[in-house]
Amino acid sequence: EGQQGRRRGWAEPPPVFPDSRMPKKEPVAEIFESVSDGLKQLYRSKIRPIEEAYKFGEFYSPYMNDSDFDAKPMVLLLGQYSVGKTSFIKYLLGRDFPGAHIGPEPTTDRFIAVMHGQEDKTTPGNALAVSANMPFRGLEMFGNGFLSKFQGAQLDSPLLHHVTLIDTPGVLSGEKQRIGRTYSFTEVCAWFASRADVILLLFDAHKLDISDEFKEAIEALKGHDDKIRVVLNKADAVDSQKLLRIYGALMWSLGKVIKTPECMRVYIGSFWDQPLRGSEWSRQLFEMEMRDLLTDLKNVPKNAAVRKVNELVKRVRLAKAHAYIVGHLKKEMPSYFGAQKAQAKLLANIEEHFLKVHRAHSLPVGDFPDVAKFRAVMEGHDL
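Note that the coordinates shown come from a computational prediction; the quantities given were computed from them, not determined experimentally. (Residues numbered from 1 in each chain as written. Predicted model: local features only at pLDDT ≥ 70, side-chain atom pairs only at ≥ 80, totals over all residues. Heavy atoms only, no water.)

Student: Explain the overall build of the protein to me, using residue names and the numbers behind them.
Tutor: Helices and strands together make up the secondary structure of the protein, namely 15 helices and eight strands. Considering the protein as a whole, with its 383 residues, one finds that 45% of them fall into the buried category. Across the protein, contacts joining residues at least 24 apart in sequence account for 78% of those joining residues at least 6 apart. Here the protein displays about 20300 Å² of accessible surface, and carbon together with sulfur accounts for 54% of that area. (Helix = DSSP H or I, 4+ residues; strand = E, 2+ residues; numbered from the N terminus. Buried < 20%, exposed > 50% of the residue type's maximum accessible area, 1.4 Å probe, protein only. Contact = heavy atoms within 4.5 Å. Areas by Shrake-Rupley, 256 points an atom, 1.4 Å probe, with all protein chains shown as cover.)

Okay, here's the thing in structure tokens:
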């Protein structure tokens, strides 16, 4: 009875695919006013029921709400302290924003969502997380430890009609990075990365070292490589010869952290409200690079609909693999006795079962979850 009671925790899942023996009905095309409306209807009616049945939200990102589909495109800025993230946002907006602090020391101590508003004001993180028309409901999973370090900054700026900018705390090096963190910086970065349209990694030309926490944050961006842009900031503070060496050192450092066969696009410039320094040749280079980056950012709203479709397709592929894995593990469980030992044995050999599911359903290896993370979450559930 005890084992049967635990097994009731998993709802009877709907079939992943309809039975091929049933007569097929001709599909009726539905017309929606926007791509977002169509995606919302598709997610609510087809995808979310399967996610809930297989508890997908507990293994990956939380279930999506309408506000996630209606949200403006998001640009996430990541970097170590004093690389110019807040100054970069000020450069884009052409003015200061509420809650902004700029200095050579670690000044930004919280995540700040810079959004459009009719008047300048700040909104606490807890209020943003419970707001139905904001795309931050999923951040409640990180608790008050994070929400007390999260706030919204609203102001009237033409750019913010089209995008939302996410400023992040500067990553420190050594043990300093661990002190005072009441939340997992890496997990929060991964949450924002999954919803961002563009991820900007900012580096200071004077300090290219990548700390342990920044390395973990970059590694958490795996699967979002197409969104990443690298910015080498404050480049006008060094001469041309040193800049070439710094560029080479940056590419070498990134190659050790971002494991992709393609070369990362690096924009070189100095993004703040002061005139460019250096020779005429270097100023022309910086102006062209900065213009290219701004053009890239201006194209973000144009590509927003395609990005939303792409992100939902990625989520569906993960959910499909997850459903097959959980379905396979449930079939391997005994009907009555010895469920606890059987589950422990299944999780101990989870790689073999991943391989069986991969062969049985011809699923791409890239759609399977991280073995250690899947095992850790599954240990808290009864199959």
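Student: Run through the packing of aromatic side chains, naming residues and quoting values.
Tutor: Evaluation of the coordinates by the stated rule reveals 18 aromatic pairs. Summarising the aromatic geometry, the rings of Phe 142 and Phe 146 are spaced 5.9 Å apart at their centres and angled 65° between planes, so their arrangement reads as edge-to-face. The exposure classification of Phe 142 matches that of Phe 146, with both residues buried. With centroids separated by 5.3 Å and ring planes inclined at 75°, the aromatic side chains of Phe 146 and Tyr 183 adopt a geometry described as edge-to-face. Placement of Phe 146 in helix α7 (residues 143–147) and of Tyr 183 in the loop between β5 (164–167) and α8 (185–195) is noted, with a sequence separation of 37 residues between them. As far as burial versus exposure is concerned, Phe 146 and Tyr 183 are alike and both buried. An aromatic cluster is present here, built from Phe 111, Phe 136, Phe 142, Phe 146, Phe 150, Tyr 183, Phe 185, Trp 191 and Phe 192 joined pairwise through their rings. For Lys 207, the ring lying beneath its charged end belongs to Tyr 81, and the centroid distance is 5.2 Å. The ring of Tyr 267 is capped by Arg 265, whose NZ or CZ atom sits 4.1 Å from the centre of that ring. (Phe/Tyr/Trp six-rings, centres within 6.5 Å; stacked < 30°, edge-to-face > 60°. Lys NZ or Arg CZ within 6 Å of the ring centre and 35° of its normal.)

Student: Residue-level account of a nonpolar patch on the surface, with values.
Tutor: A cluster of nonpolar residues, Val 35, Val 309 and Val 313, forms a patch on the protein surface that exposes about 200 Å² of accessible area. Of note, Val 313 is situated in helix α12 (residues 304–332). Residue classification places Val 313 among the partly exposed positions, given a relative accessible area of 42%. (Patch = residues over 30% accessible without salt bridge, like charges linked within 9 Å, V, L, I, M, F, W, Y side chains within 5 Å. Salt bridge = Lys/Arg side-chain N within 4 Å of Asp/Glu carboxyl O.)

Student: Residues and numbers for helix α9 (residues 212–219), please.
Tutor: Buried residues of α9: Glu 213, Phe 214, Ala 217 and Ile 218, and no others. Buried residues of α9, viewed axially, fall in a sector of 140°; they line one side. (Arc of directions from axis to C-beta.)

Student: Pulling in residues and values, what's your account of the packing of α8 against α9?
Tutor: Relative orientation of the contacting elements α8 and α9 amounts to 30°, with a least axis distance of 9 Å. With respect to their mutual orientation, α8 and α9 come out roughly parallel. The crossing of α8 and α9 is right-handed. Across the interface between the two elements, Phe 185, Thr 186 and Cys 189 from α8 touch Glu 213, Glu 216 and Ala 217 from α9. A class-by-class count of the residues in the contact of α8 with α9 yields three nonpolar, one polar and two charged. (Axes fitted to C-alpha atoms, helices over the stretch in contact; angles between N-to-C directions. Parallel < 35°, antiparallel > 145°, perpendicular 65-115°, else oblique. Left-handed = near helix turned anticlockwise from the far one by under 90°. Nonpolar A, V, L, I, M, F, W, Y, C, P; charged D, E, K, R; others polar.)

Student: Hey, could you go over unusual backbone geometry for me, with residue numbers and the actual values?
Tutor: The residue Lys 234 is not glycine, and still its phi comes out positive at about 60°. Examined against the element boundaries, Lys 234 turns out to sit in the loop between β7 (228–233) and α10 (240–257). Phi at Ser 362 is positive, roughly 55°, even though this residue is not glycine. Within the fold, Ser 362 resides in the loop between α14 (350–361) and α15 (371–378). The exposed category is assigned to Ser 362, whose relative accessible area is 64%.

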